[in-house]
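Chain residues, written in single-letter form:
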Amino acid sequence: MKNLSALHRDLTALDGKPYGAYRDLAGTPYDLGDGVVFTLDRAQVDPYAPPSLAHLSVPLALPEYRERGQKVAAADFFTRAFDAAVSGDRDLSIGRIGQQVLERTTAEVREDHLLVRFTVALPAAGRRIKGRLASTILTQRLPEAARRLRGVDRAALDRHVALHQDQEWLRARLPELGLVAFVGEGSILPRRAGDSDEPLRGAVPFASPESLRREVTLPSGRTLAGMGVPEGVTVIVGGGYHGKSTLLRALERGVYPHVEGDGREWVVTRPDAVSVRAEDGRAVSGADISAFINNLPSGEDTTAFSTTNASGSTSQAANLVEAIEAGADALLIDEDTSATNFMIRDERMRALISADREPITPFVDTVRSLYRDAGVSTILVAGGSGAFFSVADHVIALDAYRVSDVTERAHGLGGEAPDAAARFRRGTPRVPAGLSAPGKRKPVAAKGRTLIRYGKATIDLGPAEQLVDQAQTTGIAHAIDLLERRLGSGESLRAAVEQVTELIDAQGLSALSPHRGHPGLYARPRAHEIMAAVNRYRGLEVS
């Protein structure tokens, strides 16, 4: 192992050489002092390529974390600590870290040391190495960041891990409590701006209506009060800009734990709750949408519906049945992002167009059977129609972000419930004929949060609203590489994705990586978003 002085000499000796000479340093461990070891894992040969990959090994005596959740929380804490230590540094980065606590490849808490993975933009003038500047980055700024890691507030670490444990404990117990979600008293749900995930200062704190108020005692000993959102059908109403979509958005993000100070620490939603919307133009492959769309004038079979350009109604039907295929036990739907003809048919339209001439069975007619027969709850934001009042178990209203239970009033407004729908039948799990992309020569790659490059094709994940981090999209890209090798042998898509998640559980997130050593910077996606990506690939063929 070489020391800090040797690293300085090796870097300055490269000054002026072709950029590819940085590779001469790769794989050599350097002691930066106090037992902190730096290793350049993969050096790029082109200064215009993404930054190079490196890691630090930092000796730390930490509590013994045995549970997976404890390890995830502690790793998240140190990821944020390193991010803060290099804040404003354009050359050292650990990725963009948001408000959610995600399992990542960026840090691992081991028995006697901390492993931190990051990227470094090795400097150049044109295609020539700037060795002296590289030495400043790696022998001065990086050791200072390591010193800050060693000096973190241990009490803050304990709080971070305890908060995560409490949140995950509550999330795991929602089913036995008969709840889809829980919103803690005092939560701050509004965000600072449409493009910001930071809490809005001065926002109205959340207060539960008494009829829905629940209390739980957490493992930490704290008693937490808040609104329980029960299983079944819940409709959220209110005037425009009064907080309906803000509440739904918080519930969407509640599938993830949040950091202290986010305001949504105690917005806790079942992990298999899925946001569903219309998505005009998406591709659909072999989806059974017959519960919602049937008897098309074209005679097309909707038990195995395929199209390269779905309409609003067919795309929303496909999104819904694909979510259930992936294991969703709750659907989160906003009227504003839904296809109207998929959601409702009012009395006058029913009178004008007879049922036998309308191929769409609106969601209002099926939402009860969806819960009754498949155990799938629905939380729906409705601002322009009261059609769902008669089928709702609970109706909650928002007025200037203040919540009240208006179920009794809504039911008293009249309106007959639709005729009992036929029994809802889950579709047969789809079996892809295989997964491949023409022209693919490199591993699948993420291009920002919403796009994946697969061979010459692009997969658009923009409508997957619960995908919160570009690092998750990178994880999905690596998962597609693994699925290529698993699909095509008669295995269903869901079974293949479950095998990928089991691999992560057994071997860690790095098991997804196509590279040895440093896997890259990515975060764990849900199985739902992995399946969503495969479902949107236009080359998908289902047996």
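Note that the structure is predicted; figures quoted are calculated from it, not measured.

A. Structural context of the sheet that holds strand β13 (residues 233–238). Reading across from one edge, β15-β18-β19-β13-β20-β21 is the order of the six strands in this open sheet, with mixed pairing throughout. Two strands in the sheet have a free side with no partner beyond their single neighbour: β15 (273–276) and β21 (402–405). On average, adjacent strands in this sheet sit at an angle of 20° to one another, irrespective of strand direction. Sheet topology note: the strand β18 (residues 330–334)/strand β19 (residues 377–381) ladder contains five bridges and is parallel. Paired with Asp334 across the two strands is Val381, which belongs to β19. This element, helix α6 (residues 312–325), spans β15 and β18 of the sheet and lies at about 170° to β15.

B. Here's a closer look at the environment of Ser245. If you trace the backbone, Ser245 turns up in helix α5 (residues 244–253). Along the chain, Ser245 and Val381 lie 136 residues apart, while their C-alpha atoms are 6.8 Å from each other. Once residues within four sequence positions are removed from consideration, Ser245 is found in contact with Asp334, Asp336 and Val381. In this structure the side chain of Ser245 is engaged in a polar contact, spanning 2.7 Å, whose partner is the side chain of Asp334.

C. Highlighting the sheet that holds strand β25 (residues 457–460). One open sheet holds the three strands; their spatial order is β23-β24-β25, and the pairing between them is antiparallel. Sheet topology places β23 (445–447) and β25 at the edges, where each strand pairs with a single neighbour. Taken pair by pair, the neighbouring strands of this sheet meet at an average axis angle of 30°, ignoring direction. Here β23 runs beside strand β24 (residues 451–454); their pairing, made up of three bridges, is antiparallel. Counted as the bridge partner of Ala445 is Arg453 from β24.

D. Main features of the pairing of strand β2 (residues 29–33). Pairing of strand β1 (residues 2–3) with β2, which is carried by two bridges, proceeds in the parallel orientation. When the bridges of β2 are listed, Asn3 appears paired with Asp31. With respect to chirality, the unit in which β1 leads through helix α1 (residues 4–13) into the neighbouring parallel β2 is right-handed. In terms of strand pairing, β2 meets strand β3 (residues 36–42) through four bridges, oriented antiparallel. Opposite Asp31, over in β3, you have Val37 as the bridge partner. Counting the residues between successive antiparallel strands, the hairpin from β2 to β3 contains two residues, one of them, Asp34, with a positive phi of roughly 60°.

E. Looking closely at the packing of α1 against helix α3 (residues 131–150). Interhelical geometry of α1 versus α3 gives an angle of 155° and a closest axis separation of 7 Å. If you check the angle between α1 and α3, you find them roughly antiparallel. Seen from above, α1 lies across α3 with right-handed handedness. Residues Leu4, Leu7, His8, Leu11 and Thr12 of α1 lie in contact with α3, whose contacting residues are Gly131, Arg132, Ala134, Ser135, Leu138, Thr139 and Pro143.

F. Spotlight on the packing of helix α11 (residues 470–486) against helix α12 (residues 493–507). Direction vectors running N to C along α11 and α12 enclose 125°, while the axes themselves pass 10 Å from each other. Our classification of the angle between α11 and α12 gives oblique. For the crossing formed where α11 meets α12, the hand is right-handed. Packed against α11, whose contacting residues are Ala479, Leu482, Leu483 and Arg486, the element α12 presents Ala496, Val497, Gln499, Val500 and Leu503 at the interface.

Each value, and the rule that gives it
- Residues numbered from 1 in each chain as written.
- Predicted model: local features only at pLDDT ≥ 70, side-chain atom pairs only at ≥ 80, totals over all residues.
- Heavy atoms only, no water.
- Pairing = 2+ DSSP bridges.
- Helix = DSSP H or I, 4+ residues; strand = E, 2+ residues; numbered from the N terminus.
- Axes fitted to C-alpha atoms, helices over the stretch in contact; angles between N-to-C directions.
- Contact = heavy atoms within 4.5 Å.
- Polar contact = N/O pair within 3.5 Å; in protein donor to acceptor, adjacent residues only side chain to side chain.
- Right-handed = clockwise from strand over helix to strand, strands pointing away.
- Parallel < 35°, antiparallel > 145°, perpendicular 65-115°, else oblique.
- Left-handed = near helix turned anticlockwise from the far one by under 90°.

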